[in-house]
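Survey of secondary and tertiary structure
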Amino acid sequence: PLAAKYGRGALRWRGYDLDYIDDCGYTGVNVGSDGIIALPMIWQSGRGWVCSGVDMLLLGIMFRFLAGLCLILYLHAKTSRWAQFFGQSEHGSSKLLGQLFKLLVGTFMTMFLLAEVAIFSIQRIDFVQLLKYLGFHT
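These notes cover the structure that comes with them. Predicted, not measured: the structure shown is a model, and the values here were computed from it. (Residues numbered from 1 in each chain as written. Predicted model: local features only at pLDDT ≥ 70, side-chain atom pairs only at ≥ 80, totals over all residues. Heavy atoms only, no water.)

Considering the packing of aromatic side chains
The condition is simple: Each aromatic pair joins two rings of Phe, Tyr and Trp (for Trp, the six-membered one) with centres within 6.5 Å, and gets the label stacked for planes under 30 degrees apart, edge-to-face for over 60, and tilted for any other angle. Here a helix means four or more residues in a row that DSSP labels H or I, a strand means two or more in a row labelled E, and each is numbered from the N terminus. Accessible area is worked out with a 1.4 Å probe on protein chains only. A residue is then buried under 20% of its type maximum, exposed over 50%, and partly exposed in between.
As enumerated under the stated definition, the model contains two aromatic pairs in all. Ring plane angle 55° and centroid distance 6.0 Å describe the contact between Phe65 and Phe112, whose orientation is recorded as tilted. Here the residue Phe65 occupies a position in helix 3 (residues 54–79), and Phe112 occupies one in helix 4 (residues 92–120), the gap between them amounting to 47 residues. Residue class for Phe65 comes out partly exposed when judged on its relative accessible area of 46%. Arranged with centres 6.3 Å apart and planes meeting at 20°, the rings of Phe108 and Phe112 form a pair that is stacked. Separated by four residues within a single helix, Phe108 and Phe112 lie in helix 4, roughly one turn from each other. Among the aromatic side chains, those forming a connected cluster through ring pairs are Phe65, Phe108 and Phe112.

As C-alpha cells, this is what we get:
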C-alpha cells in the first residue's frame, strides 16, 4: 500500500525493514563474540518488529514495579521519621545528609532501571558460545 511505498525509507532508518515484517527469526543478525543477541543488534539489522507481546508485557511490569517502589518510598518517607533523612530538617548538616541520601536513592533507582532494560533486551543466548567467551568451555 501507500504506507509501504512512501514510508519504507523512514521505517528502515528506525530499524524496521519491511522486507522482514513476516520473518521473526534471527537469521542474518550479527551475533557478538559473547553469543548474545540483544535488541540493539536486532534493530541495526532492520528486524525491529515485535513478533510477541511478551517483551511489551515484561517492560510494562518492569516500569510498574519501579513506579510502585518509588511510590512506597515516597509515601513512607513522608509519613514516618524518614522525613529527616529527605531534607525536611532545618539544620544545615542534617539537611545536607538528607540531600545526599536522596541522591543515593535516586542513583540506585536509575541504575536499577538501566539494568532491567539491559537484561530484558536480551532476545537469545547461545550458551556454548557464551561459555567459550567466558573461558569455561574449550
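Regarding a nonpolar patch on the surface
What counts, and what does not: Residues enter patches when they are more than 30% accessible in relative terms and free of salt bridges; like-charged ones are connected within 9 Å and nonpolar ones (Val, Leu, Ile, Met, Phe, Trp, Tyr) within 5 Å. Each accessible area is a Shrake-Rupley estimate made with a 1.4 Å probe; only the visible protein chains count as cover when residues are assessed. Note on definitions: salt bridges are taken to be side-chain nitrogens of Lys or Arg within 4 Å of carboxyl oxygens of Asp or Glu.
A cluster of nonpolar residues, Val54, Leu58, Ile61, Ile119 and Phe120, forms a patch on the protein surface that exposes about 460 Å² of accessible area. Mapped by element, the contributors of at least two residues to the nonpolar patch are helix 3 and helix 4. Here the nonpolar patch takes three residues from helix 3, the largest share from any one element. With respect to the secondary-structure elements, Phe120 resides in helix 4.

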